[in-house]
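The chain contents come next:
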Amino acid sequence: MATAAAQALGRPLIKPVLFKSSIYFLATAAARILERLIEFLIHGGTTRELPEYVTANFIWSRFLAVQIWIAVLFLIYTFITELNRLFGDGELSRILFTWRPTELKSARRRKIRTLTTLARLADAHTVDDLRNPATQAHAEMIALIGSLAKTPSPSRRT
């Protein structure tokens, strides 16, 4: 499971979005065509009359227009679900529905800056330097991790 998650982190987000959207798109196109053909056969049509029925009664421009809308909706749906999976389940809905935009922007900027600084610190020092509590690198790392930790809000203190 951990290796699958690690492999998923390396691929671009567009790949699963396009793959899933194309599968959904093809499945709905096939279902829509089969629906019309089954309807024709139920109402007394025969397989010999099928090519004539398709050329005379099937409006391909309308079919394609609807399929394009379906493709766009599937792209949006799969993009949002992949973003939710990337951020972690529930994080996207928390961002969209519980945080105010100003809180979100400032918190995200602060976290991104802190994580970037932490990454630079990790690049500049060895693991032994970061593990050793006597080094400046360790003190900086602990301070950065501490700034990422959630602080209790004043209203929740008793």
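Remember, predicted model here, so these are calculated numbers, not experimental data.

Brief notes about helix α2 (residues 14-42)
Here is step 1 of the chain: The first and last C-alpha atoms of α2 sit 41 Å apart over 29 residues, in line with the 42 Å expected at 1.5 Å per residue.
Here is step 2 of the chain: The complete set of buried residues in α2 reads P16, V17, S21, A29, R32, L37 and F40.
Here is step 3 of the chain: Where the residues of α2 are buried, they touch α3 (50-57) and α4 (60-87).
Here is step 4 of the chain: A positive backbone phi angle near 100 degrees is found at G44, which sits one or two residues after α2.

Topic: the packing of α2 against α3
Here is step 1 of the chain: Where α2 contacts α3, the axes come no closer than 11 Å and their chain directions differ by 120 degrees. Judged on the interaxial angle alone, α3 and α2 are oblique. Read as a crossing pair, α2 and α3 show a hand that is right-handed. Across the interface between the two elements, R36, L37 and F40 from α2 touch L50, Y53, V54 and N57 from α3.
Here is step 2 of the chain: Of the residues in the contact of α2 with α3, the class split is five nonpolar, one polar and one charged.

Details of the UniProt feature "transmembrane region" (unreviewed entry) in the chain
Here is step 1 of the chain: According to UniProt, the positions carrying the feature "transmembrane region" (unreviewed entry) are residues 59-80.
Here is step 2 of the chain: Split by type, residues 59-80 is 95% helix and 0% strand. Its first and last C-alpha atoms lie 32 Å apart.

Side note on α4
Here is step 1 of the chain: The terminal C-alpha atoms of α4 lie 40 Å apart, and with 28 residues this matches the ideal 40 Å at 1.5 Å per residue to within 8%.
Here is step 2 of the chain: Listing the buried residues of α4 in full gives F63, Q67, F74, T78, E82 and L83.
Here is step 3 of the chain: One or two steps after α4, the chain reaches G88, where phi turns positive at roughly 110 degrees.

Looking at a nonpolar patch on the surface
Here is step 1 of the chain: A cluster of nonpolar side chains, namely I68, W69, V72, L73, I76, F79 and I80, defines an oily patch on the protein surface of about 710 Å² accessible area.
Here is step 2 of the chain: Its location among the elements puts I80 in helix α4.
Here is step 3 of the chain: The class for I80 is partly exposed, based on a relative accessible area of 43%.

Topic: the environment of L73
Here is step 1 of the chain: Following the sequence through the fold, L73 ends up in helix α4.
Here is step 2 of the chain: Spatially, the C-alpha atoms of L73 and F25 are 9.7 Å apart, while their sequence positions differ by 48 residues.

What to know about the pattern of salt bridges
Here is step 1 of the chain: For the structure shown, the criterion picks out two salt bridges.
Here is step 2 of the chain: One salt bridge in this structure joins K20 and E82, with 2.5 Å as the shortest N-O distance. One end of the pair, K20, is in helix α2; the other, E82, is in helix α4, with 62 residues separating them in the sequence.
Here is step 3 of the chain: Accessibility expressed as a relative area gives 2% for E82, which makes it buried.
Here is step 4 of the chain: A salt bridge links E82 to R85, with the shortest nitrogen-to-oxygen separation between them at 2.8 Å. Of this pair, E82 and R85 are both found in helix α4, three residues apart, which corresponds to roughly one turn of the helix.

Thoughts on the packing of aromatic side chains
Here is step 1 of the chain: Taken as a whole, this structure holds five aromatic pairs when the rule is applied.
Here is step 2 of the chain: Seen in terms of ring centroids, Y24 and F74 are 5.2 Å apart; in terms of plane orientation they differ by 45 degrees. Their pairing is tilted. Here Y24, found in helix α2, pairs with F74, found in helix α4; they are 50 residues apart in sequence, far enough to count as distant.
Here is step 3 of the chain: With relative accessibility at 33%, the residue Y24 sits in the partly exposed group.
Here is step 4 of the chain: With a centroid separation of 4.5 Å and 55 degrees between ring planes, the pair formed by F58 and W60 is classed as tilted.
Here is step 5 of the chain: Under the relative-accessibility criterion, F58 is labelled buried at 9%.
Here is step 6 of the chain: Among the residues examined, W60 registers a relative accessible area of 42% and is labelled partly exposed.

Cut-offs used in this document
- Every chain is numbered on its own, with residues counted from 1 as its sequence reads.
- Note on the predicted model: pLDDT of at least 70 is required for a residue's local features to be given, and 80 or more for side-chain atom pairs to be given and counted; whole-chain, interface and lining totals, by contrast, use all residues.
- For side-chain calculations, the full set of non-hydrogen atoms in the structure is used, while hydrogens and water are omitted.
- Helix and strand assignments come from DSSP, with helices taken as H or I runs of at least 4 residues and strands as E runs of at least 2, each series counted from the N terminus.
- What a helix should span is 1.5 Å times the count of its residues minus one.
- Buried means the residue's accessible area, taken with a 1.4 Å probe over protein chains only, is under 20% of the maximum for its type, while exposed means over 50%, and partly exposed covers the values in between.
- Note on contacts: a residue pair is in contact if any heavy atoms of the two residues lie within 4.5 Å.
- What counts as an axis is a line fitted to C-alpha atoms, over the stretch in contact for a helix, and the angles between N-to-C directions run from 0 to 180 degrees.
- By definition in this entry, angles of less than 35 degrees are roughly parallel, angles greater than 145 are roughly antiparallel, angles of 65 to 115 are roughly perpendicular, and the rest are oblique.
- Helix crossings fall into two classes, left-handed where the near helix is turned counterclockwise from the far one by less than a right angle and right-handed where it is turned clockwise.
- Any residue that is not Ala, Val, Leu, Ile, Met, Phe, Trp, Tyr, Cys, Pro, Asp, Glu, Lys or Arg is counted as polar, Gly included; the first ten are nonpolar and the last four charged.
- UniProt positions are given in the numbering used here, feature names are shortened, and annotations may be inferred rather than shown by experiment.
- Like-charged residues are merged into a patch within 9 Å and nonpolar side chains (Val, Leu, Ile, Met, Phe, Trp, Tyr) within 5 Å, provided each residue has over 30% relative accessible area and no salt bridge.
- Working definition of accessibility: Shrake-Rupley area with a 1.4 Å probe, residue cover restricted to the visible protein chains.
- Salt bridges are identified by distance alone: a Lys or Arg side-chain nitrogen within 4 Å of an Asp or Glu carboxyl oxygen.
- Each Phe, Tyr or Trp ring, with Trp reduced to its six-membered ring, pairs with another whose centre is within 6.5 Å; inter-plane angles below 30 degrees give stacked pairs, above 60 give edge-to-face pairs, and intermediate values give tilted ones.

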